[in-house]
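Residue strings, one per chain:
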Amino acid sequence: MVRKTKQRDVILRVLLGTASHPTADWIYEQVRKELPHISLGTVYRNLNLLKLEGKILELDLADSLSRFDGYAREHYHFRCERCGHIFDVDEPADEEIDKRVARSTGFTVSCHRLEFRGLCWDCQPQGTAEGIANSPRNTMQVGSGGQS
Ligand code: ZN
Ligand code: MN
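All values derive from a computational prediction rather than experimental measurement.

Colleague: Quick question: what am I supposed to make of the overall build of the chain here?
Modeller: From N to C terminus, the chain includes 4 helices and 6 strands. Along the chain, helices (α) and strands (β) appear in the sequence α-α-α-β-β-β-β-α-β-β when read from the amino end. Out of the 148 residues in the chain, the part that is buried amounts to 36%. Long-range contacts, defined as pairs at least 24 residues apart, comprise 54% of the intrachain contacts of the chain with a sequence gap of at least 6. A total of about 9,700 Å² of accessible surface is found on the chain, and carbon and sulfur atoms cover 51% of it.

Colleague: Sorry if this is basic, but what is going on with helix α2 (residues 24-34) here?
Modeller: Think of an α-helix as 3.6 residues a turn; residues three or four steps apart then line up on the same face. For α2, the full list of buried residues reads Ala-24, Trp-26, Ile-27, Tyr-28 and Val-31. Considering only its buried residues, α2 is in contact with α1 (4-16), α3 (40-52) and β2 (67-69).

Colleague: Can you help me understand the nonpolar core in this one?
Modeller: Generally speaking, a soluble globular protein has its nonpolar side chains buried in company with each other. With 17 residues, the main nonpolar core has Ile-11, Ile-27, Val-31 and Leu-47 as its most contacted residues. Of all elements in the fold, only α1, α2 and α3 reach the threshold of two or more residues within this core. Those residues in contact with Leu-47, other than ones at most four positions away along the chain, are Ile-11, Leu-15, Ala-24, Ile-27, Ile-56 and Phe-68.

Colleague: Which parts of the structure should I look at to understand the coordination of the zinc ion (ligand 1)?
Modeller: Under ideal tetrahedral coordination, the four donors around a metal are separated by 109.5 degrees; under ideal octahedral coordination, the six donors are separated by 90 or 180 degrees. In the first shell of the zinc ion (ligand 1), the protein supplies Cys-80 (SG), Cys-83 (SG), Cys-120 (SG) and Cys-123 (SG), at 2.3 to 2.4 Å from the metal. Taken together, the 4 donor atoms coordinating the zinc ion (ligand 1) span angles of 105 to 114° at the metal, a pattern that classifies the geometry as tetrahedral. All donors of the zinc ion (ligand 1) come from a single chain, and their spacing in sequence reads C-x2-C-x36-C-x2-C. Taken as a pair, Cys-80 in strand β3 (residues 76-80) and Cys-123 in the loop between β5 (115-118) and β6 (140-141) lie far apart in primary sequence, 43 residues in all. Overall, the relative accessible area of 2% leaves Cys-80 in the buried class. Classification of Cys-123 by relative accessible area gives buried; the value is 10%.

Colleague: Even after reading the chapter, I still don't get unusual backbone geometry, so can you show me in this structure?
Modeller: What you tend to see is this: most non-glycine residues have negative phi, and most peptide bonds are trans. One non-glycine residue, His-21, lies in positive phi territory at about 55°. Looking at where His-21 falls in the secondary structure, it is placed in the loop between α1 and α2.

Colleague: Before we go on, may I ask you to explain the pattern of salt bridges in this structure?
Modeller: A pair can form between side chains of opposite charge whenever their charged atoms are brought close. Taken as a whole and judged by the stated rule, the model has 9 salt bridges. For the salt bridge of Arg-8 with Glu-53, the shortest nitrogen-to-oxygen distance reads 2.6 Å. Taken as a pair, Arg-8 in helix α1 and Glu-53 in the loop between α3 and β1 (57-59) lie far apart in primary sequence, 45 residues in all. Among the ionic pairs, Glu-115 bridges to Arg-117, the shortest N-O distance being 2.7 Å. Among the ionic contacts, a cluster of salt bridges with common partners joins Arg-8, Glu-53 and Lys-55.

Colleague: Quick question: what am I supposed to make of the packing of aromatic side chains here?
Modeller: Each aromatic ring pair is summarised here by two numbers: the centre-to-centre distance and the angle between the ring planes. As enumerated under the stated definition, the model contains 3 aromatic pairs in all. Plain terms: the ring middles of Tyr-76 and Phe-116 are 6.0 Å apart, the flat faces sit at 85° to each other, and that makes the pair edge-to-face. On the criterion of sequence distance, the pair formed by Tyr-76 in strand β3 and Phe-116 in strand β5 is long-range, its members being 40 residues apart. Judged by its relative accessible area of 6%, Tyr-76 falls in the buried class.

About the thresholds
Residues numbered from 1 in each chain as written. Chains lettered and ligands numbered in written order. Predicted model: local features only at pLDDT ≥ 70, side-chain atom pairs only at ≥ 80, totals over all residues. Heavy atoms only, no water. Helix = DSSP H or I, 4+ residues; strand = E, 2+ residues; numbered from the N terminus. Buried < 20%, exposed > 50% of the residue type's maximum accessible area, 1.4 Å probe, protein only. Contact = heavy atoms within 4.5 Å. Areas by Shrake-Rupley, 256 points an atom, 1.4 Å probe, with all protein chains shown as cover. Core = buried A, V, L, I, M, F, W, Y, C linked by side-chain atoms within 4.5 Å. Donors = N, O, S within 2.8 Å, 3.2 Å for Na, K, Ca; no water. Tetrahedral: all angles 85-135°; square planar, octahedral: opposite > 155°, others 65-115°. Salt bridge = Lys/Arg side-chain N within 4 Å of Asp/Glu carboxyl O. Phe/Tyr/Trp six-rings, centres within 6.5 Å; stacked < 30°, edge-to-face > 60°.

What follows is the structure in structure tokens.
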């Protein structure tokens, strides 16, 4: 019987080890290499707990499956409309917009979700991304593998 904390540690380690913003299914496949008897339901349950503890983010903007993020500070993402890869965007989260909306609506605003969309470098027509003075390569952190 595997201890519960051990399961959670493995799941968190898998998530911290990738910048690919994986789905729960992908995380499950990785975790199973180490804990062959874990169930998908257990993975979901632990992802949810980690989310509630503020240790991970769930990217729930998606028109598709939820993806998870081991980088728990509020930050923005770019989703490629062609290959579906999700990249971190190194742009500080705008806290002013929360305050503005709170003032104009009277709601209590805890956060906002913003996702940029377009084409990543690999998906742009050949040459388009070259020669741009302030290349996005300098301002974005690229996923280092894992999911394709
Ligand atoms: Zn792409
Ligand atoms: Mn991210």
